[in-house]
Amino acid sequence: MTHDDIDIDEATLHAYVDGQLPAARAAEVADWLLRHPRAAQQVLAWREQREALQALHRDWLDEPVPPEVSAALRPAAANGSPWPRAWAAILLVAVGLGAGAASGWGGHAWWRARQDNAALAAAEAAARAAGRDPAVPEYVRDAAIAHAVYQPEKRHPVEVGADQADHLVQWLSKRLGAQLYTPVLRDYGWKLVGGRLLPASDDPSVGGALARAQFMYENDAGERFTLYVSTGASSPEAPVAFRLTRRVEGGQTTRSLYWIDGRLAYALSGNFDEKRLRVLADLVHARIGMAERAPRSP
């Protein structure tokens, strides 16, 4: 069966966007999208819409509870009931912020309970003080910097070359304490250049991992992208969700798509446009999933 014989309907594409397809089927869809640019553009639009809905009112969820609500929910005085005061305060919030914002407060306590970590709060404060977006994990910033440093190198772009790929994966897996994989992308025009071990900053978003891995790929045109991997993800049960960020330095823009899958956190970085980066990230994610599920030789 050829690639164009694969039956891809709209329901399958929606399941692909929502991350509901098995790894093998997701890889087929990613492959098919590479040959159908109109469908790929529609899939990107759906994904952007999905991420926009997920981000709706996120800024309100991260803000402290209004003083009026906090005061209203304190224990009642001996001579009165707390409910009239509480309802008045909640009504004030609803009128002042609008129905959408007020509804967000229902999940605020749950969200803050999961995020109420002293180290994470300190890291967010430090990021704001340094002019960085605290919503972007530190490992993603490190990935973009590592890409900008090593991607232009001609003679020493990697520490261990692709001719020692098995040794590279075994070595980095041992140092990170988790099984890593290098997705095979030769049939898409990308070959593995090699990889390297990198130190990790004290990033509480990925559990303070000490070491990280970087794999580099290159096509026949000389373009490169890097896959940066960290262990110790703080939310290993969270569903996979891709996020985009960019870093501009020295007149060069590096875009990174990052996601967490189980215990591993990934950042795929490149110097090309967002659409190509998203297709590559989908493909890499699907191929890693296939490698994880493949039977291992004894």
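Numbering of residues starts from 1 in every chain and runs along the sequence as written. The model is predicted, so local features are restricted to residues of pLDDT at least 70 and side-chain atom pairs to those at 80 or more, both for listing and for counting; the totals for chains, interfaces and linings are taken over all residues. Excluding hydrogens and water, the side-chain values take into account all heavy atoms of the structure.

Draft legend 1. The overall build of the chain, seen in detail. To qualify as a helix, a DSSP run of H or I must reach at least 4 residues; to qualify as a strand, a run of E must reach at least 2; elements of each kind are numbered from the N terminus. Helix and strand counts for the chain come out as 12 helices and 7 strands. Note on exposure labels: buried denotes an accessible area under 20% of the residue type's maximum, exposed denotes more than 50%, and partly exposed covers the range between, all computed with a 1.4 Å probe on protein chains only. Within the chain, buried positions represent 38% of all 298 residues. Residues count as neighbours in contact if any of their non-hydrogen atoms are within 4.5 Å of one another. Excluding contacts between residues fewer than 6 apart, the proportion of contacts in the chain whose partners are at least 24 apart in sequence is 63%.

Draft legend 2. The sheet that holds strand β1 (residues 160-161), seen in detail. Taking strand neighbours across the sheet as the criterion, the 7 strands line up as β1-β2-β3-β4-β7-β6-β5 in an open arrangement whose pairing is antiparallel. Lying at the two open borders of the sheet, with one neighbouring strand each, are β1 and β5 (243-249). Strands are labelled as partners when DSSP assigns at least two bridges between them. Relative to strand β3 (residues 211-219), strand β2 (residues 190-199) is paired through 9 bridges, and the arrangement is antiparallel. If you follow K191 over to β3, its bridge partner there is E218. Relative to β2, helix α11 (residues 165-176) is tilted by about 30 degrees, and along the sheet it contacts β1, β2, β3 and β4 (224-230). Interaxial angle, 0 to 180 degrees, is taken between N-to-C directions of lines fitted to C-alpha atoms, where a helix line uses only the stretch in contact.

Draft legend 3. Representation of the nonpolar core within the structure. Residues L33, F215, F225 and L227 are the most contacted members of the largest nonpolar core, which totals 46 residues. Looking at this core element by element, the count peaks at 7 residues for helix α12 (residues 274-293). Discounting chain neighbours no more than four positions away, the residues touching L227 are P183, A213, Q214, F215, W259, Y266, A267, L268, V284 and I288. The nonpolar core is taken to be a set of buried Ala, Val, Leu, Ile, Met, Phe, Trp, Tyr and Cys residues, with the residues joined through side-chain atoms within 4.5 Å. If you look at the next biggest cluster of nonpolar residues, it comprises 9 residues, including A143, Y258, A265 and A267.

Draft legend 4. How the structure looks around the packing of aromatic side chains. The pairing test for Phe, Tyr and Trp rings, Trp by its six-membered ring, is centres within 6.5 Å, and the orientation test on the planes gives stacked under 30 degrees, edge-to-face over 60, and tilted for anything in between. Considering all chains together, one arrives at 6 aromatic pairs under this definition. Aromatic side chains W190 and F272 sit 6.1 Å apart centroid to centroid with 45 degrees between the ring planes, which places their arrangement in the tilted category. Here the residue W190 occupies a position in strand β2, and F272 occupies one in the loop between β7 (264-270) and α12, the gap between them amounting to 82 residues. You'll find W190 and F272 in the same group, each marked buried.

Draft legend 5. Layout of the side chain of T12. Here T12 shows up in helix α1 (residues 10-17). Take T12: its relative accessible area is 12%, and that puts it in the buried class.

Draft legend 6. Expanded view of the pattern of salt bridges. For salt bridges, the criterion is a side-chain nitrogen of Lys or Arg within 4 Å of an Asp or Glu carboxyl oxygen. Evaluation of the coordinates by the stated rule reveals 8 salt bridges. Among the ionic pairs, D142 bridges to R141, the shortest N-O distance being 3.9 Å. The exposure class assigned to D142 is buried, which follows from its relative accessible area of 14%. For R141, a relative accessible area of 28% gives the class partly exposed. Where R224 meets E218, a salt bridge forms, and the shortest distance between an N and an O atom there is 3.0 Å. Classification of E218 by relative accessible area gives buried; the value is 17%. Counted as one network, the salt bridges with shared partners bring together E138, R141, D142 and R212.

Draft legend 7. The pairing of β3, seen in detail. The buried fraction of β3 is high, at 9 of 9 residues. In β3, alternate side chains face the same way, and those of A211, A213, F215, Y217 and N219 on one face and R212, Q214, M216 and E218 on the other are all buried. In this structure, β3 lies alongside β4, joined through 7 bridges in antiparallel fashion. Bridge assignment links E218 to a residue of β4, and that residue is R224. Once β3 ends, the chain turns through 4 residues before running back antiparallel as β4, passing G222 with a positive phi of about 90 degrees.

Draft legend 8. Main features of helix α10 (residues 138-150). Multiplying one less than the number of residues by 1.5 Å gives the expected span of a helix. Under the 1.5 Å per step criterion, the end-to-end length of α10 is 18 Å for 13 residues, consistent within 8% with the ideal 18 Å. Among the residues making up α10, those that are buried are Y139, V140, D142, A143, A144, A146 and H147. Where α10 is buried, its residues meet β2, β3, β4, β5, β6 (252-261) and β7.

In short, the description is geometric, and any link to function would need to be established separately.
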